[in-house]
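If you want the building blocks of each chain, they are given just below.
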Amino acid sequence: MVTGILDYIWLVPALPLLGVLLNGAIALFCERPLLLAEAAHGDGGHGHGDAHTVDKAHGTHSLGPSSLGTSAPVGEGHGASPAPYRKLVAFIGPAVVGAAFVVSVLAVLALAARPAHDRFFVQVLFPWIQAGGFSAPAALQLDPLSSVMILVVTGVGFLIHVYSAGYMSHEKAFARYFVYLNLFTFAMLTLVLGSNYLVMFVGWEGVGLCSYLLIGYWYEKKSASDAGKKAFIVNRIGDFGFMLGVFLIFWTFGTVNYTEVFAKVPFLSSSGVLTTEIATAITLLLFIGAIGKSAQIPLYVWLPDAMEGPTPVSALIHAATMVTAGVYMVARSNALFLLSPVSMGVVATVGAATAIFSATIGITQNDIKRVLAYSTVSQLGYMFLACGVGAFTAGIFHLMTHAFFKALLFLGSGSVIHALSGEQDMRKMGSLKKHLPITFTTMFIATLAIAGIPGLSGFFSKDEILWKAFSSEHGHIALWAVAALAAGITAFYMFRLVFLTFFGESRMEPEVEKHVHESPYSMTVPLMLLAVLSVVGGWIGIPEVLKGHNYFEEWLAPVFSHGAAGAHGAAHHPVALELGLMAGSVAVALCGIGLAYYLYRVRTNKPKEIAEAVPGLYDVVLNKYYVDEIYDFLFVRRIVNGSIVLWQAFDVAFIDGIVNGIASAVRGAGEGVRRLQTGVVGNYAFSLLLGAVLLVGYILTR
Amino acid sequence: MEPILFILFGAIAVGGAIMVVTRKHPMASALYLILTLFAVAALFVLRQAHFLAAIQVIVYAGAVVVLFIFVIMLINVPENKLPMERLTGLRLLGVVVAGLLILETAILARRFAMPAGPTADAGSVQAVGRALFTDYLLAFEITSVLLLAAVIGAIALAKRKI
Amino acid sequence: MMEPTAYLLLSGILFGIGVAGVVARKNALIILMSVEIMLNAVNVAFIAVGSHLGDPTGSIFAFMVMTVAAAEAAVGLAILIAIFRLKETIDITELSVLKW
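These numbers come from a predicted model, not from an experiment.

Now for the overall build of chain C. For chain C, the count of helices and strands is 3 helices and 0 strands. Ordered by position from the N terminus, the helices and strands of chain C form the series α-α-α. Taking 100 residues into account, the globule formula puts the C-alpha radius of gyration at 13 Å, and chain C, at 17 Å, lies well above it. Along the three orthogonal principal directions, the C-alpha set of chain C runs to about 50 × 25 × 20 Å. Summarising the internal contacts of chain C: among those between residues at least 6 apart in sequence, 47% fall at separations of at least 24.

Structure follows, in structure tokens:
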């Protein structure tokens, strides 16, 4: 029975897909008529009354107070009488993901029951593409790497679905939200379970689409729909590189299935077909895709804007799962990356640069979600840094622990925002410790984890990355220094966030403060579960030097057998060095915390004084180094103008011209030809005569 | 002898035809039509088709043209109300194209090359009668039906009241 | 008997004249008369070749043509009378209802 469960691995992506179909049917047949009727009634009933009310009737989510309707509902039909379908959707949405999680756990257990070298299972669903010698079946592959991913996606995903049921309970388009969320889960699971690059690409595109749909969930709001478009377009740039990479893989290997490609690597590289140049080209192209999807420099600009979406979406997509797809892809292709030192260097450098760059932006942001967004970009940089120095295990380890504490941070901030009726500016928060005890406790634990305090999950994963950056044969001391500095900055801005939000005097608006309340159980229970995971999640990867056994590394070893270079590096360095570096990173973190404490608890006027002392620098950092504006000037303006020219010259003038021209030509011809019908018999006789003459003439001259 | 007579009657026929086509008053045209029909009958005689020559005079000149004259009389359009006939544009072109047709026919005629058959009097009454009532009996009967239909049709069309 | 070539040429000329009449005249009566000329021209051709070949078929066919021509003249004139009663005109350019 245990091994038989592996045959049901297809249920893992299929269950969320079932959720899509069921919720989609409900959304189409129950919710949509309701929304359309309300929109019509709202227009007629309210006329041009209170603009605020009209906004609510149309389901617009504004950042102002009482937009979530938790306080006295002013608008009509704003979730005052929940329709029965909402309960059904609130059940189906999380339930399918929960069921997928159960299947995943059973499947992974079945996999673990096998001996270490045999932990590999492929299930072909249907042939899909068969063209000559090229075959890309629609198949799922379960091995240690994908098992980690499905557990993270379904587990954290399930908690976020449950949370969403509470958080989004006042939304008008409730069912639509869960349709998109389930669709996203389906696409993400397809991405990580695929057995070849094409199935992965299907999931890759699918998560990009769902990201667009979910960021732009409140599409009536222009900033939200713009953010959705931006995310999709920037992602697309990365996707282009990814596709070229896959084409090149096919051209070199003749196949895109993982097992076949990676098996051919030693043979092809020794036979000279797979040169370092080609490997570099392939991996750099694939990495471009990762840059887009996982928001690295220079394609990270969509992630902060993506905070326009609902907070659970930010937690799921932009913290725990979608953005980690790039890391997964690089880790999966480790055999190819290891062939090219150039690519490894590029990956590591980009990762480290991104880590510190976005960390510096994070220290000045005032929107609680923006801080977390830049923090995500920074932590993703760490994961790529790990992959770039050959420590793929460390990268995936950090991916997992980051999923726990970053999701927790986002959900916690969602809880804060929910309590404050929509307020997101940290300057208007404070003293929430006593109002929101559970939220505070769980977020504080997550902050400790991300700062790298020993014992918590973040410490183990981040420290392993730092160590490997220093010691691995692909590593470099400069990388370690940058990463350590970024760690300090991370600790600083995360504690800044905590101090500003939960401690100190209340800076809330009086209206908001009246309605402050802790969140319901549907929201706090996931927070608590994630807090537990943030603490214990790292204990499966305790390094040898601390007398632990790195179960995680052992589990992932079959996939990263080529990455043994990282392990070799450890053997060459004395234990004392490793422990010393560990202590050093903890010290850096404590410095960051101490500085945050000083600036935001002791001398609370200092930050303002510093900002006024260097106004130019402060403005630049506050405005994210004006990167968006630079991109707009360099690229976006030109492309838009070029598109306008193409549209006018080609589409309107040429294509429409041809189509309309044909129509006018036909009409003109018709207008001309109709004049033949004069009604005069003599004319008709003439045409008969003419025809006869011509015919006879033809016969004569033939 | 024959060619001279042919040219004579042919010229009369052509001349008559041209006059038919170019007169203003339909009555004049009708009279010239009679002339043309007689000339054609003469041509038939020249070709030893006596029966048909007789039929031509009796039926065509004797009945059809008389019918025409009756109708002209009935319609009785006064002189000044007759349609103005100007040979412009399409009409002129029509005449030209008709000329082309004649030219083509001339070319075709030059190519005519059939051997002469037995010079029996194939056009005599006996021969025609024999052929009509044996080989072409069905056609003969059908024409009688056709004539019946024409009679009924003409009456129905021209009646004042049903 | 002479070769029918000349007769055929004559037939063509008569036919052309008849066609010119049909095309170029406005008076409906004259058009009908031109049609009669055309039919006659065809008869000339039939008789000419028929007598050249010694075959009564030529005469028979001409006979049929004549019959049909008579019937057609009768019906055509009846139609003309009916139209004249309605429109008080026999000018075909004024009888162009089915025009663009």
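Next comes the rest of the write-up.
Turning next to the overall build of chain A. Broken down by element type, chain A carries 29 helices and 2 strands. In terms of principal-axis extent, the alpha carbons of chain A reach across some 115 × 75 × 60 Å. When burial is assessed residue by residue, chain A has 50% of its 702 residues classed as buried. A sequence separation of at least 24 residues applies to 81% of the contacts in chain A between residues at least 6 apart.

Summarising the sheet, strand β1 (residues 121-131) of chain A and strand β2 (residues 134-142) of chain A pair through 8 bridges and their orientation is antiparallel. Bridged to V124 of chain A within β2 of chain A is A139 of chain A.

Next up on the list: the interface of chain B and chain C. As a measure of interface size, the accessible area lost when the parts come together is often cited. Listed as interface residues are 75 residues of chain B and, on the opposing side, 63 residues of chain C. Among the secondary structure elements, those contributing two or more residues to the side of chain B that touches chain C are α1 (2-22), α2 (26-46), α3 (50-75), α4 (90-110), α5 (125-134) and α6 (137-158) of chain B. Broken down by element, the side of chain B that touches chain C gets its largest block of residues, 14 residues, from α3 of chain B. Looking at the side of chain B that touches chain C residue by residue, the classes come out as 57 nonpolar, 13 polar and 5 charged.

Time to look at the packing of helix α4 (residues 144-167) of chain A against helix α5 (residues 174-193) of chain A. All names here are of chain A. Across the interface, α4 lies against α5 with an axial gap of 9 Å and an inter-helix angle of 170 degrees. Comparing their axes, α5 and α4 come out roughly antiparallel. Along the contact surface, α4 presents S146, M149, I150, V153, G157, H161 and S164, while α5 presents Y177, L181, T185, M188, L189, V192 and L193. A per-class count over the contact of α4 with α5 returns 9 nonpolar, 5 polar and no charged.

Residues and elements named next belong to chain A. It is the contact of α4 with helix α16 (residues 392-419), at a shortest axis distance of 11 Å, that shows an interaxial angle of 5 degrees. The orientation of α4 relative to α16 falls into the category roughly parallel. Here α4 contributes L145, V148, V152, V156, I160, Y163 and Y167 to the contact with α16, which in turn contributes I396, M400, A403, A407, L411, G414 and H418. Residue composition of the contact of α4 with α16, by class: 12 nonpolar, 2 polar and no charged.

Residues and elements named next belong to chain A. With respect to the helices and strands, the residue V532 is situated in helix α22 (residues 521-536). A count of 13 C-beta atoms within 10 Å places V532 in the partly exposed class. Separated by 90 residues in sequence, V532 and T442 place their C-alpha atoms 8.7 Å apart.

Residue and element names in this part refer to chain A. Most of helix α11 (residues 311-320) sits out of view: 10 of its 10 residues are buried. Of the positions making up α11, those classed as buried are T311, P312, V313, S314, A315, L316, I317, H318, A319 and A320. Those residues of α11 that are buried are in contact with α4, α5, α6 (197-215), α10 (302-305), α15 (368-388) and α16.

To continue, consider the interface of chain A and chain B. At the junction of the two partners, chain A supplies 8 residues and chain B supplies 9 residues. Residue composition of the side of chain A that touches chain B, grouped by class: 6 nonpolar, 2 polar and no charged.

This brings us to the confidence of the model for chain C. In this model, chain C carries an average pLDDT of 89, and 99% of its residues clear a pLDDT of 70 or more. For this predicted complex, the interface score ipTM comes out at 0.91, alongside a pTM of 0.72.

Generally, phi is negative for residues other than glycine and the peptide bonds are trans, each holding for most cases. At the junction of I297 of chain A and P298 of chain A, the peptide bond is cis and its omega measures out at 0 degrees in the coordinates. Structurally, the position occupied by P298 of chain A is in the loop between α9 (276-293) and α10. Here the phi dihedral of W128 of chain A falls at roughly 60 degrees; this positive angle occurs in a residue that is not glycine. Tracing the chain through its elements places W128 of chain A in strand β1. The residue E88 of chain C is not glycine, and still its phi comes out positive at about 60 degrees.

Another aspect to go through is the confidence of the model for chain A. Residues and elements named next belong to chain A. The share of residues in chain A with pLDDT of 70 or more is 92%, and the mean pLDDT across the chain is 84. pLDDT under 50 marks residues 46-80. Its contacts with residues more than four places away, or in other chains, come to 59 contacts. This model gives residues 563-570 a pLDDT under 50, and the stretch forms 18 contacts once residues within four places in sequence are excluded.

Right, let's get into the nonpolar core. Core analysis: the biggest nonpolar cluster contains 212 residues, and F184, V330, L385, A407, L408 and A483 of chain A have the highest contact counts within it. Here F184 of chain A is in contact with V207, C210, L214 and I317 of chain A, once residues within four sequence places are set aside. In terms of nonpolar packing, the next biggest core, distinct from the first, is built from 82 residues, L37 and V95 of chain B together with L39 and I47 of chain C among them.

Residues and elements named next belong to chain C. With respect to the helices, strands and loops of the structure, A69 is situated in helix α3 (residues 56-87). Look at A69 and you get buried, because 20 C-beta atoms sit within 10 Å. Residues A69 and G58 lie 11 residues apart in sequence; the distance between their C-alpha atoms is 16 Å. Ignoring sequence-local partners within four residues, the contact set of A69 consists of E36 and L39.

Residue and element names in this part refer to chain C. Topologically, A41 is positioned in helix α2 (residues 28-53). In the structure, A41 is positioned 24 residues away from V65 in sequence and 11 Å away in space, judged by C-alpha atoms. For A41, the contacting residues outside a window of four places in its chain are S11, L14, F15 and G18.

Analysis parameters
- Residues numbered from 1 in each chain as written.
- Chains lettered and ligands numbered in written order.
- Predicted model: local features only at pLDDT ≥ 70, side-chain atom pairs only at ≥ 80, totals over all residues.
- Helix = DSSP H or I, 4+ residues; strand = E, 2+ residues; numbered from the N terminus.
- Rg over C-alpha atoms; globule rule 2.2 N^0.38 Å.
- Contact = placed C-beta atoms within 7 Å.
- Buried ≥ 20, exposed ≤ 12 C-beta atoms within 10 Å, placed from the backbone.
- Pairing = 2+ DSSP bridges.
- Nonpolar A, V, L, I, M, F, W, Y, C, P; charged D, E, K, R; others polar.
- Axes fitted to C-alpha atoms, helices over the stretch in contact; angles between N-to-C directions.
- Parallel < 35°, antiparallel > 145°, perpendicular 65-115°, else oblique.
- pLDDT = per-residue confidence, 0-100.
- Core = buried A, V, L, I, M, F, W, Y, C linked by C-beta atoms within 7 Å.

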